[in-house]
Structures are given as C-alpha cells and as structure tokens.
Amino acid sequence: MSLDGARLKVVRAKEHLDAIEDAIASYIKSEPYIMSAKKYIQGRHPQAELSNQIHPRISAIIGDCLHNLRCSLDYVMWEVGGTYADRVLVPPPHGRDKLYFPICHAPTEFDNRYVKLLADYKIPDPVVADLRAVQPYNAGYEALALLNVLINVDKHRLPILTLAEISGFKLIIRHTTNSDSNIPPKFNSAGSQNPDVDIQPTVAVTWEDVTMPREPVHRTLKEIFETVADVVPKFDRYVL
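Residue positions are counted from 1 within each chain, in the order its sequence is given. In view of the model being predicted, local features appear only for residues whose pLDDT reaches at least 70, and side-chain atom pairs are presented and counted only at 80 or more, with totals across whole chains, interfaces and linings using the full set of residues. Derived side-chain values reflect all non-hydrogen atoms in the structure, with water molecules and hydrogen atoms excluded from consideration.

J.: Would you mind showing me how to read the pattern of salt bridges here?
T.: Once their charged atoms are close, side chains differing in charge can pair, the charge on each being opposite to the other. For this analysis, a salt bridge means a side-chain nitrogen from Lys or Arg found within 4 Å of a carboxyl oxygen belonging to Asp or Glu. Evaluated as defined, the whole model comprises 11 salt bridges. For the salt bridge of Asp111 with Arg132, the shortest nitrogen-to-oxygen distance reads 2.8 Å. Residue Asp111 is found in helix H3 (residues 107-120), and its partner Arg132 is found in helix H4 (residues 125-133); the two are separated by 21 residues along the sequence. You can call Asp111 partly exposed: its relative accessible area is 35%. Secondary structure elements follow DSSP: runs of H or I of four or more residues count as helices, runs of E of two or more count as strands, with numbering from the N terminus. When a residue's accessible area, from a 1.4 Å probe over protein chains only, is under 20% of the maximum for its type it is buried; when over 50% it is exposed; and in between it is partly exposed.

This is the structure:
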C-alpha cells in the first residue's frame, strides 16, 4: 500500500491547472474587448465591452483538474481503509466497499455520517483525528468545501461555466519625448510636461455561478490545489 496513486493525481491536476492559466492568459492577451475611447479625456468615463467570451473548452479542463484533485483524496481513503480493514477491499459491483474521503461542512455532519463508517473499517482514532483536522470547517482547509461543491456540479449536473468580464481599467501614462535631443519636450500652460495617457481595460475570468468567490477562476483553483497537495502527505504514516 502507498499513496503513489494519490500523488500522481495531484501531479496531473497541476498539469491541468497550468493549462487553465495558459488559456486564460492567452485569452486576455488577445484583447477581447472594444473600447469606445482609447484616450483619456478629463470628465469622460472610459467604456468598454467584451467582443467575445473565453472558449467553453476551459470548462472541461477545469472539470479534469477538479476530478484529479478529488480522486487523490479518495485514493488516500481507499489506501488507509485497506491498511486497517484486515481484508482486501472490493468495490461494487462485486463488493460493497465505497470508501471515499469525507468532506464535511460542520463537525456534526462528520460525526453523523462518517464516524460509524470509519469504525466499520477499523480505522484508528489518530487517523480519525487527522481526518477531522483537515475538514473545511477548520481554518486553512476552507478550499475543500469549494472542491466538494464544484466537483458535484461537474459530475452530476453541468460543466462548470466561466464568465469573462471587465473588472476595471488601468491608465498607461507615457511622457511625450522626441528622439531628437535638440527638440525640447512639450509643456502645457501650467508649465508641466503633457503626458500621453491611454486606458486599458482589465479583463478577469470568473465563475458564472454567483455563489462562488468573486475572484479569478485560476486563483480559486490554485487554492484548492495547494490545499489538497498539503492534505495528501499527512496520511503517509497510516499506509503500511
């Protein structure tokens, strides 16, 4: 028994995460928006609208990333259960073993749903204590709740949809200079140099589901990835 399989799933999830970040970066670099005014004019607010959305293919990559992360946790539970059950675990349809990693939103949920199940597999108290410690109702593991929600959506209902939006604007200020050093820079009536100011929209790819964190998709996924990568090795000592 070992957690090598769980680690391979984490590695594969990282490959998907890298692909997601690359796809988002490429989309933003393409400048998928139309500006109504590129130059900043005092008293006039900048306006922009998206000319196209990010390709829905990214939803499939997100699903693959989440699937590997959830699998890595379930692999941990399967290996731990097989270590202490004193028998070979047999999944359906030929057996009844359905061990999976518990993710609970409250301590009472953990007690009511999993304590007896873990006891049936003779999983000792130290393992149960460590499983409790990494639940999303504990500080530092909140991202596992997001993993649970997202993976259930992707597996059972719909692809996880994303939405590109204009999240703000940034000013790019360039002072007017001339390559000919003999020509002095232009100054306005107040005596200061007149800069050239451009406006560039800031594009973010977020979750279409408004109940999800209002932050870029890759930031949420990175937090989930880092949390799972931290959880897996905590159970090395229990796998014989």
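J.: Teacher, can you tell me more about H4 here?
T.: Residues spaced three or four apart along an α-helix point in a common direction, a consequence of the helix completing one turn every 3.6 residues. What H4 keeps buried is the set Val127, Val128, Asp130 and Leu131. In a view along the axis of H4, the buried residues occupy a sector of 160°, so they form one face of it. Buried residues belonging to H4 abut helix H2 (57-84) and H3. Here the arc refers to the directions that run from the helix axis out to each C-beta atom. Two residues form a contact once any of their heavy atoms are found within 4.5 Å.

J.: In this structure, what is going on with the packing of H2 against helix H6 (residues 217-231)? I would like to understand it.
T.: Where H2 meets H6, the axes come as close as 10 Å, and the angle between the chain directions of the two elements is 15°. Comparing the axis directions of H2 and H6 gives the class roughly parallel. Like other packed secondary-structure pairs, H2 and H6 cross with a definite hand, here left-handed. Contacts between H2 and H6 involve Ile62, Leu66, Leu69, Ser72 and Leu73 from the first element and Val217, Leu221, Ile224, Phe225, Val228 and Val231 from the second. Helix axes are fitted only over the stretch in contact, all axes being lines through C-alpha atoms; the angle between N-to-C directions runs from 0 to 180 degrees. Each angle is binned into one of four classes, with values under 35 degrees roughly parallel, values over 145 roughly antiparallel, values of 65 to 115 roughly perpendicular, and all other values oblique. Note: crossing handedness is left-handed where the near helix turns anticlockwise from the far helix by less than a right angle, and right-handed where it turns clockwise.

J.: Quick question: what am I supposed to make of the environment of Asn138 here?
T.: With respect to the helices and strands, Asn138 occurs in the loop between H4 and helix H5 (143-156). Sequence-wise, Asn138 and His105 are 33 residues apart; in three dimensions their C-alpha atoms are separated by 9.3 Å. Beyond its immediate sequence surroundings of up to four residues, Asn138 is in contact with Arg132 and Ala133.

J.: What should I look at first to understand the confidence of the model for the chain in this one?
T.: It should be kept in mind that the predicted coordinates are not to be read in detail where pLDDT is low. By definition, pLDDT measures how confident the predictor is in each residue, and it falls between 0 and 100. Per-residue confidence for the chain gives a mean pLDDT of 85; residues scoring 70 or more make up 81%. Looking over the chain, one finds the lowest element-wise mean pLDDT in strand E3 (residues 162-175), namely 68, and the highest in H4, namely 97.

J.: What am I meant to see in the side chain of Glu215 here?
T.: You can see Glu215 is positioned in the loop between strand E4 (195-207) and H6. When charges are counted, neither His nor the chain ends are considered; positive counts come from Lys and Arg and negative counts from Asp and Glu. Despite its burial, Glu215 pairs with no opposite charge; the closest candidate is Arg219, at 4.5 Å N-O.

J.: Got a minute to help me understand the packing of aromatic side chains in this structure?
T.: The description of an aromatic ring pair rests on the distance of the ring centres and on the angle between the ring planes. Side-chain rings of Phe, Tyr and Trp (the six-membered ring for Trp) are treated as a pair once their centres are within 6.5 Å; stacked means planes under 30 degrees apart, edge-to-face means over 60, and tilted covers the remaining angles. Evaluated as defined, the whole model comprises four aromatic pairs. Ring geometry for Phe110 and Tyr114: centres 6.2 Å apart, planes at 45°, overall tilted. Here the residue Phe110 and the residue Tyr114 both occupy positions in helix H3, the gap between them amounting to four residues, near one helical turn. With respect to burial, Phe110 and Tyr114 carry one shared label: buried.

J.: Even after reading the chapter, I still don't get H6, so can you show me in this structure?
T.: The end-to-end C-alpha separation of H6 is 22 Å, in line with the 21 Å expected for 15 residues at 1.5 Å each. Looking only at H6, the buried set comprises Val217, Thr220, Leu221, Ile224, Phe225, Thr227, Val228 and Val231. Projected down its long axis, H6 shows its buried positions confined to an angular sector of 165°, all on one face. Working rule for helices: expected span equals 1.5 Å times residues minus one.

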